[in-house]
Amino acid sequence: MKPLSIKALQVRESSTLAITAKAKALKAAGEDLIAFTAGEPDFDTPEHIKEAAYQAAQQGFTKYTATPGIHEVRNAISAKLKKDNRLDYTPSQIIVSNGAKHALHNAFTAIINDGDEIIFPAPYWITYPELAALAGGVSHIIMTDKSTGYKPTAKQIKSAITNKTKAILLNSPNNPSGAVFSEDELKAVADIAVENDLYVISDEIYEKLIYNKSTPHVSIASFGKEIYDRTIVVNGYSKSYSMTGWRVGYTASSKPIADVIGNIQSHQTSNINTLTQKAALVAETGDQQCIADMGVAFGKRMELMYSLVSDISGFEANKPDGAFYVFIDISSLCGKSVRGKTINNASDFAEFILDEQKVALVPCSDFGYEKHIRLSYACSEDEIIEGMRRIKTFVSIAN
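Since the model is a prediction, treat every value here as computed from it, not as a measurement.

What counts, and at which threshold
Residues numbered from 1 in each chain as written. Predicted model: local features only at pLDDT ≥ 70, side-chain atom pairs only at ≥ 80, totals over all residues. Heavy atoms only, no water. Pairing = 2+ DSSP bridges. Helix = DSSP H or I, 4+ residues; strand = E, 2+ residues; numbered from the N terminus. Axes fitted to C-alpha atoms, helices over the stretch in contact; angles between N-to-C directions. Buried < 20%, exposed > 50% of the residue type's maximum accessible area, 1.4 Å probe, protein only.

Participant: What should I look at first to understand the sheet that holds strand β5 (residues 165-171) in this one?
Facilitator: Pairing between the strands of a sheet comes from backbone hydrogen bonds, and it takes one of two forms, parallel or antiparallel. A sheet is described by the order of its strands in space; here 7 strands give the open sequence β2-β8-β7-β6-β5-β3-β4, paired in mixed fashion. What marks the edges here is a single partner per strand, and that holds for β2 (94-97) and β4 (138-142). Averaged over all pairs of adjacent strands, the angle between strand axes in this sheet comes to 20°, irrespective of strand direction. Note: strand β7 (residues 231-236) against strand β8 (residues 249-252), 4 bridges, orientation antiparallel.

This is the structure:
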């Protein structure tokens, strides 16, 4: 039998999805498990959004639509981008896709040729390098640390550029660090991209979840025509409206890029689910109180979890400015043992604490840091308190 695709074989399983699946299986089996793994809000999708999908089904809105999405949805997204982000995109520049992950895949496929390099500041979401590789790209990772808020400096980005560099990917607010790029930091990146003829893929999926009002969300595409033309904005409804399972995201880009993305999607999936499109339309144009309410809840949970993390000896973390994760350096615990088992890295830590304390968390080797872990606070305050108590107990017996 002839070999499978080399590109496909190089794609690794998503460790976050694998750990989340294991945690769900343990919980289903009756284990008293606390899971800090989820990359999704624990709130239900708001009722008015669900009702829109139900009504669409009742009215027979179940046929093909235009590949980029119905005009009403793209027009609503266009209005949102102008109001919230100071971005002027016509509906023809917007492609509605099957989640932000699909939108990212479209973006990489549209701009990358075999051997092109993409700069990824670390920590990065584990899916970015895999999607880049599927498109034929090569990842160029920039390592950052706690001293810079886990954000790259302009000097680091400039040093990473080669004659093969094609694009820079930014994720603000960031998964897993919770870091938010300031306007000045984004302007510096924009200048570098323009000066070096680079594209920017800007993943803004967590834009509604920001806790530090001194660093509001800003889109890099808003700094003028030259960077606007080079930027592919990626966003969606999964995090802001608790619509992870609905699978609706989008790209906004210059018309030439949007046309290419539309052609790609026309052969991949055609339009996204029709009922989801109607749900997204109501999410965008309906009552926005749900976003505010979830934001308040996540803000309280962040403060709670960060205070408990700060109380654990051996944990080092910056206070998150956005998203719903705490990114923790556990380097000082590596080399220590728990009941005869040595903690060499975050993967060991995650495995041992799942066995010892029935707490599931994400080791971040696939995010670029083998001695960091990610805790999600997309869970109840009671779960945060109990889970952090178990983690503190586990760390206290490491020696």
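Participant: It is not clear to me how the pairing of β2 should be interpreted in this structure. Could you clarify?
Facilitator: When a strand is regular, its side chains alternate between the sheet's two faces. Neither face of β2 is left uncovered, since the one carrying Ile94 and Val96 and the one carrying Ile95 and Ser97 both have all their residues buried. Alignment of β2 against β8, held across 4 bridges, turns out to be antiparallel. Paired with Ile95 across the bridge in β8 is Thr251.

Participant: Where do I start with the pairing of strand β10 (residues 325-329) in this structure?
Facilitator: In terms of burial, β10 is a largely internal element, 5 of the 5 residues being buried. Here β10 shows no split at all, with Tyr325, Phe327 and Asp329 on one side and Val326 and Ile328 on the other all buried. In this sheet, β10 lies alongside strand β9 (residues 316-317) in antiparallel orientation, the contact comprising 2 bridges. Of the residues in β10, the one forming a bridge with Glu316 is Asp329. Strand direction decides the pairing type here: β10 and strand β15 (residues 372-376), joined by 5 bridges, are antiparallel. In the strand pairing of β15, Phe327 is matched with Arg374.

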